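Below are the chains, spelled out letter by letter.
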Amino acid sequence: MGDIVIALKLDQPSVSKHLGVLRKVGLVRMRCEGRNKYYRTNAAAIRPLHEWTKEFEKFWQHQLLRVKERAEQKVNSNPRNQSHT
């Protein structure tokens, strides 16, 4: 858990609470070794979620591409971003 706290820059109680929820729904597994707790993702439980979200990926990609294009158009149409010749 300590690695997660450090990597995500969250406090330990918050990480512990989230991991508890993930454990409760079966998305992660925990094993104890002394005072240490080790968490591992449950790939079999995550697979259906991944497959479900994969259905929407093409829509997300399309929307992200549209956002990118609009942002580039806005930058290119701003007179301050035009080079002066």
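Residues numbered from 1 in each chain as written. Predicted model: local features only at pLDDT ≥ 70, side-chain atom pairs only at ≥ 80, totals over all residues. Heavy atoms only, no water.

## Focus: helix α2 (residues 12-24)
The cut-off we apply is this: Helix and strand assignments follow DSSP, with helices taken as H or I runs no shorter than four residues and strands as E runs no shorter than two, numbered in order from the N terminus. Multiplying one less than the number of residues by 1.5 Å gives the expected span of a helix.
Under the 1.5 Å per step criterion, the end-to-end length of α2 is 18 Å for 13 residues, consistent within 8% with the ideal 18 Å. Positive phi shows up at G26, right after α2, with a value of about 85°.

## Side note on a nonpolar patch on the surface
Rules: Each patch is built from residues that are more than 30% exposed by relative accessible area and take part in no salt bridge. Like charges join if they lie within 9 Å; nonpolar side chains (Val, Leu, Ile, Met, Phe, Trp, Tyr) join within 5 Å. Each accessible area is a Shrake-Rupley result for a 1.4 Å probe, and residues are judged covered by the shown protein chains and nothing else. When a carboxyl oxygen of Asp or Glu is within 4 Å of a side-chain nitrogen of Lys or Arg, the pair counts as a salt bridge. A simple rule labels every residue: compare its accessible area, found with a 1.4 Å probe on the protein chains alone, to the largest value its type can have, and call it buried under 20%, exposed over 50%, or partly exposed in between.
Side chains of L49, W52, F56, F59 and W60 sit close together on the surface and give an oily, nonpolar patch of about 570 Å² of accessible area. Here W60 lies in helix α3 (residues 43-77). Exposure remark for W60: the relative accessible area of 47% places this residue in the partly exposed category.

## Thoughts on the packing of aromatic side chains
For the record, the criterion: When the centres of two rings from Phe, Tyr and Trp lie within 6.5 Å, Trp using its six-membered ring, the rings pair. Their planes under 30 degrees apart give stacked, over 60 give edge-to-face, and anything left gives tilted.
As enumerated under the stated definition, the model contains 2 aromatic pairs in all. Here the aromatic rings of W52 and F56 are separated by 5.1 Å at their centres, their planes lie at 65°, and the arrangement is edge-to-face. Linking W52 with F56, this pair stays in helix α3, spanning 4 residues, or about one helical turn. Here F56 falls in the partly exposed class, since its relative accessible area comes to 33%.

## Some details on the layout of surface pockets
Selection criterion: Put simply, the grid is 1 Å and covers the protein atoms alone, a cavity is a trapped set of points that fit a 1.4 Å probe, a pocket is an open set with protein on both sides within 12 Å along at least five of seven lines, and lining residues have an atom within 4 Å of a point. Grid points are joined across faces, edges and corners, and a volume is the space filled by probe spheres set on the points. Gly falls in the polar group here, along with every residue not listed as nonpolar (Ala, Val, Leu, Ile, Met, Phe, Trp, Tyr, Cys, Pro) or charged (Asp, Glu, Lys, Arg).
Considered as a void within the structure, the largest pocket measures approximately 190 Å³ in volume. Lining the largest pocket are M1, G2, D3, I4, R35, N36, K37, Y38 and Y39. Listed by contribution, the elements that provide at least two residues to the lining of the largest pocket are α1 (2-8) and β2 (36-41). Here the residues of the lining of the largest pocket are counted per class, giving 4 nonpolar, 2 polar and 3 charged.

## Examining the pairing of β2
Note the cut-off: Paired strands are those between which DSSP finds at least two bridges.
Note: strand β1 (residues 28-33) against β2, 6 bridges, orientation antiparallel. Bridge assignment links R31 to a residue of β2, and that residue is Y38. The hairpin turn running from β1 into β2, its antiparallel successor, is 2 residues long, and G34 in that turn takes a positive phi close to 65°.

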